[in-house]
Amino acid sequence: MERIPILRMGDLLLVTIQVDLHDQVAMQLQNDLTSEIERINAKGVVIDISALEMVDSFIGRLIADTSSMAHVLDAETVVVGMRPAVAITLVELGVAMPGVRTALNVEKGMALLMQSRRED
């Protein structure tokens, strides 16, 4: 089974999704990411979805759930690189993503996390 790499950058994690997320791969990513947050005591996660052309309601909920799980584990999550078509699809499907912060790209997402950490 494919696995999505999770890169460590100090106490932050970067996940760049470069393949279409099938249900099994997405579930494995969720498990791997929450385990890695706990293992290194990560304080932030950037999930780059810029390569995703489409999402369905399952993937939208999975991203929202993963962000909620990270929050429970004391890590803030920022989703970056969302294409307009993906945003439109999520809204049309009625996928609620409460508490999910977004930024245009990885650089802005990292800056958002760093700013948030300085404010704490």
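Scroll up for the structure.
Residues numbered from 1 in each chain as written. Predicted model: local features only at pLDDT ≥ 70, side-chain atom pairs only at ≥ 80, totals over all residues. Heavy atoms only, no water.

### Considering the overall build of the protein chain
Turning to step 1, where the next piece is worked out: Scanning the protein chain for helices and strands turns up four helices and five strands.
Turning to step 2, where the next piece is worked out: Mapped from its N terminus to its C terminus, the protein chain presents α and β elements in the order β-β-α-β-α-β-α-β-α.
Turning to step 3, where the next piece is worked out: Rg of the C-alpha trace for the protein chain: 13 Å, near the compact-globule value of 14 Å for 120 residues, within the 12% margin.
Turning to step 4, where the next piece is worked out: Taken across its 120 residues, the protein chain has 42% of its residues classed as buried.
Turning to step 5, where the next piece is worked out: Looking at the protein chain alone, contacts between residues at least 24 apart form 75% of all its contacts between residues at least 6 apart.
Turning to step 6, where the next piece is worked out: Counting every atom, the protein chain has about 6800 Å² of accessible surface; 53% of that belongs to carbon and sulfur. (Helix = DSSP H or I, 4+ residues; strand = E, 2+ residues; numbered from the N terminus. Rg over C-alpha atoms; globule rule 2.2 N^0.38 Å. Buried < 20%, exposed > 50% of the residue type's maximum accessible area, 1.4 Å probe, protein only. Contact = heavy atoms within 4.5 Å. Areas by Shrake-Rupley, 256 points an atom, 1.4 Å probe, with all protein chains shown as cover.)

### A closer look at the layout of surface pockets
Turning to step 1, where the next piece is worked out: The volume enclosed by the largest pocket comes to roughly 260 Å³.
Turning to step 2, where the next piece is worked out: Lys43, His71, Asp74, Ala75 and Glu76 are the residues nearest the centre of the largest pocket, which is lined by 14 residues in total.
Turning to step 3, where the next piece is worked out: When residues of the lining of the largest pocket are assigned to their parent elements, the largest contribution, three residues, is made by helix 2 (residues 57-72).
Turning to step 4, where the next piece is worked out: By residue class, the composition of the lining of the largest pocket is two nonpolar, six polar and six charged. (1 Å grid on protein atoms, 1.4 Å probe; cavity = no way out; pocket = protein on both sides within 12 Å on 5 of 7 lines; lining within 4 Å. Points joined across faces, edges and corners; volume = space filled by probe spheres on them. Nonpolar A, V, L, I, M, F, W, Y, C, P; charged D, E, K, R; others polar.)

### Some points on the pattern of salt bridges
When the charged atoms of two side chains lie near each other, side chains of opposite charge can form a pair.
Turning to step 1, where the next piece is worked out: Going through the model one piece at a time under the given rule, you end up with five salt bridges.
Turning to step 2, where the next piece is worked out: Of the charged contacts, one joins Glu36 and Arg39 as a salt bridge, the two residues approaching to 2.8 Å between their closest N and O atoms. Highlighted residues: Glu36 and Arg39, both in helix 1 (residues 23-40), separated by three residues, approximately one helical turn.
Turning to step 3, where the next piece is worked out: By relative accessible area, Arg39 is classed as exposed at 58%.
Turning to step 4, where the next piece is worked out: Across the salt bridge formed by Asp74 and Lys43, the nearest N and O atoms sit 2.9 Å from each other. In this pair, Asp74 is assigned in the loop between helix 2 and strand 4 (76-80) and Lys43 in the loop between helix 1 and strand 3 (44-48), connecting sequence segments 31 residues apart. (Salt bridge = Lys/Arg side-chain N within 4 Å of Asp/Glu carboxyl O.)

### Some thoughts on the environment of Phe58
Turning to step 1, where the next piece is worked out: When you line up the elements, Phe58 lands in helix 2.
Turning to step 2, where the next piece is worked out: Judged by relative accessible area, which is 24%, Phe58 ranks as partly exposed.
Turning to step 3, where the next piece is worked out: Sequence separation of Phe58 and Leu29 is 29 residues, and the distance between their C-alpha atoms is 14 Å.
Turning to step 4, where the next piece is worked out: What Phe58 contacts, discounting residues up to four positions off in sequence, is Asp23, Ala26 and Met27.

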